[in-house]
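Structural overview for review
Each chain is listed here by its residues.
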Amino acid sequence: MHRKTVAVVDLDAIRENYALASALAPQSKNIAVIKSNAYGHGIVRVAEALQEIAPAFAVANINEALELRSAGISRPVLVLDGANDIQEYEEAAANNLQLVVHTVEQVSQLLKSRLSGDLPLWLKVDSGMHRLGLMPDDLKSTHDRLRNGGFNVAVLCTHLACADSVASGATKQQLDRFKACVSGLDLPLSISNSAGILAWPESHADWNRPGYMLYGISPMTTEVDTAAGLRAAMTLRSEIVAIREVPAGESVGYGATWTATEPSVIGTVAIGYADGYPRHAPSGTPTLVNGQIAPLVGTVSMCMTSIDLTGHQDVAIGNSVELWGQGVCVSEVARCSETIAYELLTRVAACVPRSYTP
Ligand SMILES: *Cc1c(COP(=O)(O)O)cnc(C)c1O
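What counts, and where the lines are drawn
Residues numbered from 1 in each chain as written. Predicted model: local features only at pLDDT ≥ 70, side-chain atom pairs only at ≥ 80, totals over all residues. Heavy atoms only, no water. Near = heavy atom within 4 Å. Polar contact = N/O pair within 3.5 Å; in protein donor to acceptor, adjacent residues only side chain to side chain. Nonpolar A, V, L, I, M, F, W, Y, C, P; charged D, E, K, R; others polar. Core = buried A, V, L, I, M, F, W, Y, C linked by side-chain atoms within 4.5 Å. Buried < 20%, exposed > 50% of the residue type's maximum accessible area, 1.4 Å probe, protein only. Helix = DSSP H or I, 4+ residues; strand = E, 2+ residues; numbered from the N terminus. Domains from an automatic or database assignment. Contact = heavy atoms within 4.5 Å. Buried area = accessible area lost by both parts, 1.4 Å probe. Salt bridge = Lys/Arg side-chain N within 4 Å of Asp/Glu carboxyl O.

A look at the site of the ligand
In the vicinity of the ligand, 14 residues are found, and the nearest of them are K35, Y39, S194, Y212 and Y342. K35 places a side-chain nitrogen or oxygen 2.6 Å from an oxygen atom of the ligand. A distance of 2.9 Å separates an oxygen atom of the ligand from a polar backbone atom of G211. Residue composition of the shell around the ligand, grouped by class: six nonpolar, four polar and four charged.

Some points on the nonpolar core
I34, L156 and W324 are the most contacted members of the largest nonpolar core, which totals 111 residues. Counting residues per element, this core draws most heavily on helix α1 (residues 11–24), which supplies six residues. Counting contributing residues, this core receives three or more from each of domain 1 (11–216) and domain 2 (234–357). Sequence-distant contacts of W324, that is, excluding residues within four places in its chain, are made with M234, T235, L236, G276, Y277, P278, C329, V330, V333, L344, L345 and V348. Counting residues in hydrophobic clusters, the runner-up holds six residues, among them V252, W258, I266 and V297.

What to know about the domain arrangement of the protein chain
As a measure of interface size, the accessible area lost when the parts come together is often cited. For the protein chain, the domain assignment lists domain 1 (11–216) and domain 2 (234–357). Between the C-alpha centres of domain 1 and domain 2 the distance comes to 37 Å. On the domain 2 side, the residues contacting the 10 residues of domain 1 number nine residues. When domain 1 packs against domain 2, the two sides together hide about 950 Å² of surface, and 61% of this comes from carbon and sulfur. The largest share of the area that domain 1 buries against domain 2 comes from Y39, H41 and Y212, three residues that together contribute 54% of it. At the junction of domain 1 with domain 2, the criterion picks out zero salt bridges.

As for the pattern of salt bridges
Enumeration over the complete set of coordinates arrives at seven salt bridges. Note that E16 and R231 form a salt bridge whose closest N and O atoms lie 3.1 Å from each other. Taken as a pair, E16 in helix α1 and R231 in the loop between β9 (207–208) and β10 (234–246) lie far apart in primary sequence, 215 residues in all. Note that E48 and R45 form a salt bridge whose closest N and O atoms lie 4.0 Å from each other. In this pair, E48 and R45 both sit in helix α3 (residues 43–50), three residues apart, roughly one turn of the helix. Look at R45 and you get partly exposed, because its relative accessible area is 36%. Several salt bridges share partner residues, and in doing so they unite D10, E16 and R231 into one network.

Written as structure tokens, this is what we have:
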């Protein structure tokens, strides 16, 4: 069956973006973050595309890690949220996973289990984001408990809350706190996410954790030179299924939220919020038809969206419409919709087939 709505994923772009992350931080190893179905791009295909160049992968939970193992991915896999019960610790050890440990409760569970050395642990410190991580004052004692219990603390890590803003003072404060509490432990460190890699060289450490930038978008709130080489990996596209002339004064779509001010040519596109296109995208949000901008008009429906084709030459039913990709940056669609592109990418619905190049 011909599918009108497709997310085309350029695996070569993902490999190039990974190479850029490596080039920006030549002293660091980069663990490729492919949680949430590789930010919507398809976790197994992305892992397969990167396994020759990425020494390890990071996912959010054990289920994602097991999906990689079932698909035959043999690289080390780090579970960022860690495990929650004995069964998950055992599954992690049996599948050669690595776990983030971020609470003293997790440490107590681990010490009660019969596991030890062969389960590499990343001990996480809360340096100021206040989401996950041990309090800095608890780090040394927790580390000692694990070491005395025979566990292998492989890396000390933390996560940056505001690295996407070059103007924020929070990053320096987090770096100072982290560096103060890890001093004396002499273990590999991990701090940077994509924004850290792009904008905060002082956050580059033994292991960086690029996610978002692998998919070709800059997380920075302002433009930075280091992001210039990124190439968007996903093109979300659909097709025009109807075209009509709408006289001035007539409205389009649910709630009649857009009214033609001149005789207009309106195309109906086979994509809506059920596919993951944001319902909050307002009139004026760009789409691209035959290389020319066609602004969205009216309210996005469940399976359809209307666009303004007035002034377009030779446009026809069946023509392809790019909702985002190389021509329309997903960050721009996100900005119009008052969200971030992380959300748009991860919300492309499972019903939208992914197709891969090359
Ligand atoms: C998601 C995540 C990353 C990757 O962040 P990006 O902004 O996508 O690069 C890194 N570290 C942790 C702990 C994460 O949860």
